Amino acid sequence: MSPDRRSAVAVGSLFLLTEVAAIAGAVLYRPLLGAAGGRLAQGADTRALLGVLCEVVLVAAVAGTGAALFPVLRRHGEGLALGYAFGRLLEAAVIALGTVAVLALVTLRRDAGAQEAAGADVALAAVHDWTFLLGPNIALGLNTVLLAYLAYRARLVPRFIAVLGLIGGPLICASAVAVMFGVYAQLSVAGSAAALPVFAWELGLAGWLLVRGFGSEAGAASRADGEAADAASARR
């Protein structure tokens, strides 16, 4: 298996992992956030902690996509490749901050009475919601546009997949701004519809990379890099 094929499999697997971990984490800890100001149902804290573990996996996978893609993307623009890698690190850091808020909320519910926790748990739930808006929405949208642009320009994947990212990235950013200004709720039909193109982009990208790998131009760039390195070694 060539280095590019290994990278493609790693990136595709990490993108699939981000989807699974994000959905599982939200399903598991969402009841904890919805119970802000009230008492926890039996076992809700255990579910929330399992959700946090999923979020930890998500953070690692998000950061991992930037690291795994960097060797391929740098051939088509080192500055943009660095921007994507650091953008994914920023996205992962914001998600981690929201995860800490969920952990703090679990501790508060365990150690304080319902009346004592009423104000603080609402604040912690709000911190999580804002980090969810800034990380998996705005930062994700910007990173999606950057990667989709590079994929489109370098033909790393079929252009219809790249176009999904070029549409979905700005759309999810615009939706996050609409939520920020109270146009509609974060968890709503409109918000879910705005996220569908990015969801389709990531699944399409992951599936293509796992099955077919990067496009022919990426392979040509890799061979050119290898030939240049061999020529430099021969001169030395």
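As the structure is a computational prediction, the values presented were derived from the model and not from experiment.

Quick notes on the rules
- Residues numbered from 1 in each chain as written.
- Predicted model: local features only at pLDDT ≥ 70, side-chain atom pairs only at ≥ 80, totals over all residues.
- Heavy atoms only, no water.
- Helix = DSSP H or I, 4+ residues; strand = E, 2+ residues; numbered from the N terminus.
- Buried < 20%, exposed > 50% of the residue type's maximum accessible area, 1.4 Å probe, protein only.
- Contact = heavy atoms within 4.5 Å.
- Areas by Shrake-Rupley, 256 points an atom, 1.4 Å probe, with all protein chains shown as cover.
- Salt bridge = Lys/Arg side-chain N within 4 Å of Asp/Glu carboxyl O.
- Phe/Tyr/Trp six-rings, centres within 6.5 Å; stacked < 30°, edge-to-face > 60°.
- Lys NZ or Arg CZ within 6 Å of the ring centre and 35° of its normal.
- Patch = residues over 30% accessible without salt bridge, like charges linked within 9 Å, V, L, I, M, F, W, Y side chains within 5 Å.
- Core = buried A, V, L, I, M, F, W, Y, C linked by side-chain atoms within 4.5 Å.

Draft legend 1. Spotlight on the overall build of the protein chain. A tally of helices and strands in the protein chain yields 7 helices and 0 strands. When the helices and strands of the protein chain are listed from N to C terminus, the series reads α-α-α-α-α-α-α. Looking at the protein chain as a whole, 43% of its 236 residues are labelled buried. Taking the intrachain contacts of the protein chain between residues at least 6 apart in sequence as the baseline, contacts between residues at least 24 apart amount to 79%. When the accessible surface of the protein chain is split by element, carbon and sulfur atoms take 69% of a total near 11400 Å².

Draft legend 2. A look at the pattern of salt bridges. In total, this model carries 4 salt bridges according to the counting rule given. Residue arginine 75 is joined to aspartate 4 by a salt bridge in which the shortest nitrogen-to-oxygen separation is 2.9 Å. Residue arginine 75 is located in the loop between α2 (44-73) and α3 (78-111), and its partner aspartate 4 is located in helix α1 (residues 3-34); the two are separated by 71 residues in the primary sequence. Looking at arginine 75, the relative accessible area reads 25%, which means it is partly exposed. Glutamate 78 serves as the salt-bridge partner of arginine 74, at 3.3 Å between the closest nitrogen and oxygen. Given a relative accessible area of 41%, arginine 74 falls into the partly exposed group.

Draft legend 3. Inspection of the packing of aromatic side chains at higher detail. One pass over the full model with this rule turns up 0 aromatic pairs. One cation-aromatic arrangement involves arginine 159 over tyrosine 152; the distance from NZ or CZ to the ring centre is 4.1 Å.

Draft legend 4. A nonpolar patch on the surface, seen in detail. Residues Leu16, Ile23, Val27, Leu196, Phe199 and Leu203 make up a contiguous nonpolar surface patch of roughly 510 Å² in combined accessible area. Mapped onto the nonpolar patch, the elements with two or more residues apiece are α1 and α6 (189-211). Summarising the element assignment, phenylalanine 199 is placed in helix α6. On the basis of relative accessible area, phenylalanine 199 is assigned to the partly exposed category, the value being 34%.

Draft legend 5. Fine view of unusual backbone geometry. The backbone of arginine 155 sits at a positive phi, close to 55 degrees, despite the residue not being glycine. Take arginine 155: it is sitting in the loop between α4 (114-154) and α5 (159-180). Assessed through its relative accessible area of 41%, arginine 155 is described here as partly exposed.

Draft legend 6. Looking closely at the nonpolar core. Counting residues in hydrophobic clusters, the biggest one holds 27 residues, and the most contacted among them are Phe15, Leu69, Leu73, Leu147 and Leu205. Elements represented by at least two residues in this core include exactly α1, α2, α3, α4, α5 and α6. With residues up to four places along the chain from it excluded, the contact list for leucine 147 reads Phe15, Leu69, Leu73, Tyr84, Trp201 and Leu205. In this structure, Leu32, Leu33, Val102 and Ala125 belong to the second largest nonpolar core, which totals 9 residues.

Such coordinate-based values are descriptive only and should not be taken to indicate function.
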